[in-house]
Amino acid sequence: MARETAPTFVHEVPLKLTPGDERVLSVRLEAGRQIYNAVLGEGLRRLDRLRQSKAWQKTLRQPRGKQRSKALNDLCSAFGLSDYAFQAIARDHWRAGGFTDRLDTQTVQKL
């Protein structure tokens, strides 16, 4: 049975920016894009290494259940596939890329 939802509406409002505000916004969005892509690329590399590992392949052959799920979760954590690991990657790129003056810590954490 599908869950009923209330009608949703989206209203777009154009921003009226000064050229200076537009430049600042563009610089910040570009910094966010670069950090996001760096985290995504590193996450995909870690996922590929995880999937190629013998431990992952062996665990996948186990019967489904709590024990298998825990083993898979442990492997994901061991390969750095966790929220905290991704936040650390983002933080490292934020600092190394010189984006500290463009983005704040909370924004980088949410990226």
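It should be emphasised that the depicted structure is a prediction, and the values quoted were computed from it without experimental measurement.

> So what's going on with the overall build of the protein chain? Which residues, and what values?
When helices and strands are counted, the protein chain shows five helices and zero strands. Overall, the protein chain shows an N-to-C arrangement of helices and strands of α-α-α-α-α. Overall size of the protein chain, expressed as C-alpha extent along the three principal axes, is 60 × 45 × 20 Å. Looking at the 111 residues of the protein chain, the share that counts as buried comes to 23%. Here the contacts in the protein chain between residues at least 6 apart in sequence split such that 56% fall between residues at least 24 apart. By element, 54% of the accessible surface of the protein chain is carried by carbon and sulfur atoms, the whole surface being about 9,200 Å². Across the protein chain, the centroid of the 20 positively charged side chains sits 12 Å from that of the 12 negatively charged ones.

> Before we move on, could you go through the layout of surface pockets and cite the residues and values that matter?
The rolling of a water-molecule-sized probe over the atoms marks out the regions of remaining empty space. Considered as a void within the structure, the largest pocket measures approximately 180 Å³ in volume. Around the largest pocket, the lining residues are Y36, V39, L40, G43, D83, F86, Q87, A90, V108, Q109, K110 and L111. Going through the elements one at a time, α1 (19-52), α4 (83-96) and α5 (105-110) are the ones with two or more residues in the lining of the largest pocket. Of the residues belonging to the lining of the largest pocket, the class tally is seven nonpolar, three polar and two charged.

Conventions we followed
- Per chain, residues are indexed from 1 in the order of the written sequence.
- Whole-chain, interface and lining totals are the exception, using all residues; otherwise, since this is a predicted model, local features are given only for residues with pLDDT of at least 70 and side-chain atom pairs are given and counted only at 80 or more.
- The side-chain numbers reported here are obtained from all heavy atoms of the structure, hydrogens and water having been left aside.
- Comment: elements are numbered from the N terminus, with helices defined as DSSP H or I runs of at least four residues and strands as E runs of at least two.
- In this scheme, a residue with accessible area under 20% of its type's maximum is buried, one over 50% is exposed, and one in between is partly exposed, where area comes from a 1.4 Å probe on protein chains only.
- For this analysis, residues touch if any pair of their heavy atoms sits within 4.5 Å.
- Per-residue and other accessible areas follow the Shrake-Rupley method at a 1.4 Å probe size, with only the shown protein chains counted as cover for residues.
- Note that His is not counted, nor are the chain ends; the positive residues are Lys and Arg, and the negative ones are Asp and Glu.
- One atom stands in for each charge, and that atom is NZ of Lys, CZ of Arg, CG of Asp or CD of Glu.
- Of the grid points, spaced at 1 Å and generated over the protein atoms alone, those admitting a 1.4 Å probe that cannot get out make up cavities, while open sets with protein on both sides within 12 Å along at least five of seven lines make up pockets; any residue with an atom within 4 Å of a point is treated as lining.
- Grid points are joined across faces, edges and corners, and a volume is the space filled by probe spheres set on the points.
- For this classification, Asp, Glu, Lys and Arg are treated as charged, while Ala, Val, Leu, Ile, Met, Phe, Trp, Tyr, Cys and Pro are nonpolar and the rest, including Gly, are polar.

Without other data, these values stay purely geometric and don't point to any function.
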